[in-house]
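Okay, here's what each chain looks like letter by letter:
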Amino acid sequence: LKPSDPGLELGPLLLCGRQCLQLWVASSRLQAACDRHRGVHDAPAAPPEMIPTTLRRLWRPPSSVLARAPGAAPRSLLGEGLSPRTHPDWTSNGAVLQQVRHGPKDGRPGRLQHHIFGCDKAKGRYYYRFHKLIGKWNWRKYKERYIAPRALENRQRWIPTPHATYSMMRHSYSWYWRLPKAIAAATTPDEVLEAWIKFRHKHPKKTFHYFKVLKRLIDVGGSDPTDWRLKFITSRLHNIHRKILNLPRLAKYYAQLRVIDELEHMSNFLPKMLHKYSPQQLVLTAHSFGSARLQDKFIFAEVAKHVEPQLAAVSPSDLVRLAQAYAAVEVCHYTLLTRLSAQLQVRAQQSAEGQAPPWSCPTFSQLTEVAEAFARLKFQDYSYAELCAEQAAILLREGLPGPTPLAMARLCSACAQLKIHEVRLYEVVLAHISGHWYDYPASALAEIGAAVAPVLPRDSEQIQQVYKLMFRTIAADRDMLTLQGVSFAARFMAELDHKGEFYPGFSEGLARRVMELRDETKEQYDIARVIEIFARRCPEERALFSTLCRHMHRHLAVFEPVDFVRTVRGLSLTEYRDDRVVYSLAKWAGKRAAEFSSYDWDSFITAVAILKGKEGGALEERLRLMAPPMLIGGYVAASPTGLLPPQTPASTSAAAV
């Protein structure tokens, strides 16, 4: 910027005359200094006519300063040492120019954060407003009397006064990609949980963050549901259950991680959302509650109501999962089960005619899984059982894939539980075993034998040969049997050992296998029937019955009346005695006294009296007082001489006592 430039315009700078004047004088001094440095000592100064008009109004030097001799070179104004500040005659409109001062820079327009050196400046829209005015004085005798407010101002988010750099801001947001990377890189449950705890203070987390960590936790093998880190994650999800749209997926994660309390809480928000879900999501909802063994009859009824009209759009695997879910929680929705059975039969018929859409026909294994679910629900569907039998016969005759040994065992066991005597199916299965016994594992042979032996005749020589072949295979692979397999094998043996030992040494081998599995603490099996069978074949084996009684305690909660009777009847035939077992059986049987028939209750009391001997008088009397009421023609027998009409449960128990 040069004062000699003809295009110099200081008009925009005239908001303050003092600043404009200083700018022009400084530029003139700079030009003179540059000229002296280049050796130009007599450079012409700016003539008065070159000074802008607007500036001449503010700065009018005396005529003696601007006058020069004729022909002499123009003199620089600044060379004389004159300045607007030092010359006394420079005035503007008769007043001496003075500095224009603004307001103080340390004013307090609002309640800013205060320090000993002053208050912070408010940058942007937000500033820190919640601190007392301390001042700039000595802090030596300062006493803190500040009490944090409890209301809105103490809950507002903290916004720092200084502005962060780009790298700092990027690092503060880096958890957006560091957390997913840490979750994906984790290979153990501890690593997954620690990755989440490391970023637990980063907010706000989206729903997909919670879904990612739960899914990864399941992928690496799950976690202990009592782990505080898992509870920390689910506690944050607890408050947003009502906001989550994909509740079936969350229910699946909760069921797989065994977070039952959160699954139960989430069920409060499911009914209003079910009408928006697809058939696959409805099936996933039922499957989640079934795998968690959470019996919510209202949820299952709503799922059935919404999925029934859309069964044609459900895949075969989802139909199987739907039936298994209802069977797991023992919710017998017979309308849904009837339509599900009809849907499977229609699809099988379409497949036989070659008109079925692709991937719509169920496999034979899926048909047997549905039959097993029907058996658990006591749903007798003869047409469906006939369909499965025909499919098994056709596939075995044609040599087509499908009827595996385990699938055949499931189907035979389901028919036996439902009292559907498919003799044709049993004959086909035994014929296949006689030619391909080497393909059947010991557990499958035991399950098939336990289902087939009570129905087919025992005097047929061909059937007896197949039975002996099955016994020989089971005895050879006895070490592969689980406790469930041992129970099937024992039932198979009991059906054939009526007049003598059908296969010598078989019961001793099963007893040794039970002793080998004495430390198994989780598997459930038909222990009442096993105790009754072994009590007639080896009653002197105290160690065997001690092991069976240890296993019995975890089954007492699921015992039915016939199981109580079989257990005490079997133990009464042995030499083993344990008062703890007797009192446990009596306690649990007393809780279910209303489920017993009069005959079963009398049989139970008689066996308990044999077990206790002379010391069981008090226990026997107490059990007789808890006897269920006897119904004769729809009336309650209150005394040997009179009948009372049916009463409420409370009055009935009082009358019985």
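Before any of the text, the structure's been laid out above.
Bear in mind that the values here come from a model prediction, so they are computed numbers and not experimental data.

Participant: Help me understand helix α5 (residues 175–185) in this model?
Facilitator: Note: α-helices contain 3.6 residues per turn, so residues at a spacing of three or four share the same orientation. Along α5, the positions that sit buried rather than exposed are W175, L179 and I183. Each buried residue of α5 sits inside an arc of 65° when the element is viewed along its axis, so together they form one side. Seen from the buried face of α5, the exposed residues on the opposite side, beyond 90 degrees, are K181, A184 and A185. Among the structural elements, α4 (166–172), α6 (189–198) and α7 (207–219) are those in contact with the buried residues of α5.

Participant: What exactly am I supposed to notice about the environment of A304 here?
Facilitator: Along the chain, A304 falls in helix α12 (residues 297–307). A relative accessible area of 0% means that A304 is categorised as buried. With 29 residues separating them in the primary sequence, A304 and H333 have C-alpha atoms 7.9 Å apart. Residue contacts for A304: discarding those within four places in its chain leaves Y326, H333 and L336.

Participant: Sorry if this is basic, but what is going on with the packing of aromatic side chains here?
Facilitator: Throughout the structure, instances matching the rule amount to 22 aromatic pairs. When the ring of F471 is compared with that of F506, the centres are 4.7 Å apart and the planes differ by 85°; the resulting orientation is edge-to-face. Of this pair, F471 sits in helix α20 (residues 461–476) while F506 sits in helix α22 (residues 506–516), placing them 35 residues apart in sequence. Among the residues examined, F471 registers a relative accessible area of 1% and is labelled buried. For F506, a relative accessible area of 5% puts it in the buried group. Look at W601 and F604: their rings are 5.8 Å apart centre to centre, the planes differ by 35°, and that puts the pair in the tilted class. Placement of the pair is W601 and F604 together in helix α27 (residues 598–612), with a separation of three residues, close to one helical turn. You can call F604 buried: its relative accessible area is 0%. Joined through ring pairs, the aromatic side chains of Y467, F471, F492, F502, Y503 and F506 make up one cluster. The side chain of K205 reaches across the aromatic face of W196, ending 5.2 Å from its centre. Positioned above the aromatic ring of W588, the side-chain terminus of K591 is 4.0 Å from the ring centre.

Rules and cut-offs
Residues numbered from 1 in each chain as written. Predicted model: local features only at pLDDT ≥ 70, side-chain atom pairs only at ≥ 80, totals over all residues. Heavy atoms only, no water. Buried < 20%, exposed > 50% of the residue type's maximum accessible area, 1.4 Å probe, protein only. Helix = DSSP H or I, 4+ residues; strand = E, 2+ residues; numbered from the N terminus. Arc of directions from axis to C-beta. Contact = heavy atoms within 4.5 Å. Phe/Tyr/Trp six-rings, centres within 6.5 Å; stacked < 30°, edge-to-face > 60°. Lys NZ or Arg CZ within 6 Å of the ring centre and 35° of its normal.

Just distances and angles here, no functional claims.
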